[in-house]
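Structure assessment
Listed here are the chains, written in short residue letters.
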Amino acid sequence: MTKDPELSALYQKIEQNGRLSPAEGLVLLERASWLELGQLAAERRKARIGDDWASYTMFRIINYTNICSIDCAFCSFKQKPGDQRAYVLSAEEVVQKAQEAHEKGADQIFLQGGVNLELGLDYYLGLLSALKSRFGCHIRGFSPVELRDMAKAVGLPLPRLVGELKAAGLDSVPGAGAEILVERVRDLLSPNKCSPEEWAGILSECHAQGLKGSANIVFGSVETPKEVIEHLDLVRRTQDQTQGFNSFIPWTFQPQTKDFPVQKVLHHQYLKVLALCRLYLDNIDQLEVSVMVLGPEIGKLALHMGANDISSPVLEENVLRSFGVSSEEQARKLIEAAGLRPRRRDFSYRFLE
Ligand code: SF4
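Residues numbered from 1 in each chain as written. Predicted model: local features only at pLDDT ≥ 70, side-chain atom pairs only at ≥ 80, totals over all residues. Heavy atoms only, no water.

With respect to helix H3 (residues 34-49)
Relative to the 22 Å expected for 16 residues at 1.5 Å per residue, H3 spans 22 Å between its end C-alpha atoms, a close match to the ideal helical length. If you check which residues of H3 are buried, you get Glu36, Leu37, Gly38, Leu40, Ala41, Arg44, Arg45 and Ile49. Those residues of H3 hidden inside the fold are in contact with helix H1 (5-15), helix H2 (22-31), strand E1 (53-56), helix H11 (267-280) and strand E7 (286-287). Gly50 sits one or two positions beyond H3 and adopts a positive phi of about 85 degrees. (Helix = DSSP H or I, 4+ residues; strand = E, 2+ residues; numbered from the N terminus. Expected span 1.5 Å × (residues − 1). Buried < 20%, exposed > 50% of the residue type's maximum accessible area, 1.4 Å probe, protein only. Contact = heavy atoms within 4.5 Å.)

Written out as structure tokens, the structure reads:
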């Protein structure tokens, strides 16, 4: 272990379960060794939730529309109304996609779209009730920016909108669209998305109405280490108030558009941030590794450096499958290859075995 006295004192504080301050988190991110942080994160995982298992879940993302008014710098998915590739799926088409997922073993649906101001409340309620009546499945959906602009477009205050969506079948919400929750970064990457305070406020309202979910960070663009810590601190403060985040997932930016500055995040740098997430977010038990982005080898290592979940195999036809985890069997094999016992769970982190 380190000979740096400041780091040594921080490691001791971590071993005694002390809460890290933002300044301490920054010292760790800038100066600690990734292996030492990984070891501390593995010990924290063992103490909090055990370390002889890892979990996965089975869901399908359905992108119900790609029309979006937000214009994030990194996004290649968005289309303008009338564009050749613009689409809005009908409720029947969404049900059809859910049926395909059901046949592949997925019992949960994740609805995610662009911010399409032309869709009315009936459209969203129709999607939810069609899925619920057909499958009775858990439905996760609608990021904070989708909810913010949906409320404006349909003319309802946010709490009423959330209540209507919940009554129609919405079960949980993602913390998607967070990227880096710092004004400077958002001004550069996604100035029209929610501000950090809006993001936290919208999710707090959802959590208060019983719609819990996840949170994430997407790094590897223009952020500084200090801004990574600011992001984690906002998530931790929100969780202190709501207890609504079941899990946290660190992602890295993937190159989508030519103009967007993606930094290459080396594998050990990803693992270091992942380990820090386990240590800094002392109020979120479940930490997921993005195997789809990093690949199975790093995924297996991450399960021994603080992470305990590999999320879901990719069940869509049109997305990256280069890492080959596209079935439940492959997800279980990956976990077993890491020397751990696979456990299937649902979006709410109820373990099904
Ligand atoms: S809000 Fe989502 S879909 Fe719209 S531009 Fe941003 S990332 Fe793309």
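Section: the UniProt feature "binding site: [4Fe-4S] cluster" (unreviewed entry) in the protein chain
Sequence positions flagged by UniProt for "binding site: [4Fe-4S] cluster" (unreviewed entry) are, in local numbering, Cys68, Cys72 and Cys75. Since its relative accessible area comes to 18%, Cys68 is described here as buried. Excluding residues that lie within four positions of it along the chain, Cys68 makes contacts with Lys78, Gln79, Gly114 and Val115. Mapped onto the elements of the fold, Cys72 is located in the loop between strand E2 (59-63) and helix H4 (91-103). Residue contacts for Cys72: discarding those within four places in its chain leaves Lys78, Leu189, Ser190 and Lys193. (UniProt positions renumbered as here; feature names shortened; annotations may be inferred.)

Concerning the UniProt feature "domain: Radical SAM core" (unreviewed entry) in the protein chain
Under the feature "domain: Radical SAM core" (unreviewed entry), the UniProt entry names residues 54-285. Structurally, residues 54-285 comprises 44% helix and 14% strand, and the distance from its first C-alpha atom to its last is 13 Å.

Structural notes on the site of the ligand
In the vicinity of the ligand, the contacting residues are Cys68, Ile70, Asp71, Cys72, Phe74, Cys75, Phe77, Lys78, Gly114 and Lys193. Residues of the shell around the ligand, tallied by class, amount to 6 nonpolar, 1 polar and 3 charged. (Near = heavy atom within 4 Å. Nonpolar A, V, L, I, M, F, W, Y, C, P; charged D, E, K, R; others polar.)

A closer look at the nonpolar core
Ranked by internal contacts, the top residues of the largest apolar core, which has 114 residues, are Leu28, Leu111, Phe142, Leu147, Leu165, Trp199 and Phe248. Non-local contacts of Phe248, meaning those with residues more than four positions away in its chain, are made with Ala215, Asn216, Ile217, His231, Leu232, Val235, Cys277, Leu281, Ile284, Gln286, Leu287 and Glu288. (Core = buried A, V, L, I, M, F, W, Y, C linked by side-chain atoms within 4.5 Å.)

Examining the sheet that holds E2
An order of E2-E3-E4 is seen for the 3 strands of this open sheet, with the pairing classed as parallel. Two strands close off the open sheet at either side, each with one partner strand: E2 and strand E4 (138-141). Ignoring strand direction, the axes of neighbouring strands in this sheet form an average angle of 25 degrees. Set on the sheet, H4 makes contact with E2 and strand E3 (108-112); between it and E2 the angle comes to about 155 degrees. (Pairing = 2+ DSSP bridges. Axes fitted to C-alpha atoms, helices over the stretch in contact; angles between N-to-C directions.)

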